[in-house]
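Structural features, examined
Each chain, written out:
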Amino acid sequence: MVREAATEVRVRRAYAPPEAADGHRVLVDRLWPRGLSKERAHVDEWLKSVAPSAALREWYGHDPAKFGEFADRYRAELADPARAEALARLRTLSARGPLTLVTATKDLGHAHTRVLARELGAAPEAD
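Residues numbered from 1 in each chain as written. Predicted model: local features only at pLDDT ≥ 70, side-chain atom pairs only at ≥ 80, totals over all residues. Heavy atoms only, no water.

Some thoughts on the overall build of the protein
Counting its regular elements, the protein contains 5 helices and 4 strands. The linear arrangement of helices and strands in the protein, starting from the amino end, is β-β-α-β-α-α-α-β-α. Computed over C-alpha atoms, the radius of gyration of the protein comes to 14 Å, within 12% of the 14 Å expected from 2.2 N^0.38 for 127 residues, which places it in the range of a compact globule. Based on the C-alpha atoms only, the size of the protein along its principal axes is roughly 35 × 35 × 30 Å. For the protein, with 127 residues in total, the buried portion stands at 41%. Taking the contacts inside the protein whose residues are at least 6 apart along the sequence as the reference set, 61% of them involve residues at least 24 apart. As displayed, the protein has an accessible area near 7,000 Å², and 53% of this comes from carbon and sulfur atoms. Of the charged side chains in the protein, 21 are positive and 19 negative; the average position of the first set lies 3 Å away from that of the second. (Helix = DSSP H or I, 4+ residues; strand = E, 2+ residues; numbered from the N terminus. Rg over C-alpha atoms; globule rule 2.2 N^0.38 Å. Buried < 20%, exposed > 50% of the residue type's maximum accessible area, 1.4 Å probe, protein only. Contact = heavy atoms within 4.5 Å. Areas by Shrake-Rupley, 256 points an atom, 1.4 Å probe, with all protein chains shown as cover. Lys, Arg positive; Asp, Glu negative; His and termini not counted. Charge placed at Lys NZ, Arg CZ, Asp CG, Glu CD.)

And the structure:
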């Protein structure tokens, strides 16, 4: 079952130029993207507390074969109070208008931003 999104939730790479349709841009990585100035990033805020833990990121290693398990573990981490508060902030922002989750990750199809978009009610990408 696909939940109806109140507004559009987009996922974009931090290194891609912003687009007018991006709306509120939120960096959702724990670390600032390497070599990217704050001016060039064009993010409205940085919610590093919603990012996966260092231990989970290390275990996952961006291995697409582990994505299903990664997504399950990450959703469990999102129940942590600090992450839950950050997720609630993203829900509030998505209810106000277009929201873009910004990440430095190269493989957007196997990134934590995909899990976040689904948690925010965005239609899932094709598997």
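Following the structure, the description resumes.
Observations regarding the nonpolar core
Within the largest apolar cluster, 23 residues are counted, with the highest numbers of intra-cluster contacts made by Val50, Tyr74, Leu90, Leu101 and Leu116. Elements with a minimum of two residues in this core: helix H2 (54-60), helix H3 (67-77), helix H4 (81-96), strand E4 (99-103) and helix H5 (112-119). Other than its neighbours up to four places away in sequence, Leu101 contacts Val9, Arg10, Val11, Arg12, Val26, Val28, Leu90, Thr113, Leu116, Ala117 and Leu120. Counting 5 residues, the second-largest nonpolar core is a separate cluster that includes Leu27, Leu36, Ala41 and Val102. (Core = buried A, V, L, I, M, F, W, Y, C linked by side-chain atoms within 4.5 Å.)

Points about the environment of Leu36
Position of Leu36 among the secondary structure elements: in the loop between strand E2 (24-27) and helix H1 (38-41). Along the primary structure Leu36 and Ala14 are separated by 22 residues, whereas in three dimensions their C-alpha atoms are 8.0 Å apart. If we skip the residues at most four places from it in the chain, Leu36 touches Ala14, Tyr15 and Ala41.

Considering the pattern of salt bridges
Within this structure, the stated rule accounts for 11 salt bridges. The salt bridge partner of Asp22 is Arg10, with a shortest N-O separation of 2.8 Å. Taken together, the residues span a long stretch of sequence, with Asp22 in the loop between strand E1 (9-13) and E2 and Arg10 in strand E1 at a distance of 12 residues. Neither Asp22 nor Arg10 differs from the other in exposure class; each is buried. Here Glu19 makes a salt bridge to Arg12, at a shortest N to O gap of 3.2 Å. Taking relative accessible area as the criterion, Arg12 reaches 12% and is therefore assigned buried. Connected through shared salt-bridge partners, Glu8, Arg10, Arg12, Glu19, Asp22 and Arg25 make up one network. (Salt bridge = Lys/Arg side-chain N within 4 Å of Asp/Glu carboxyl O.)

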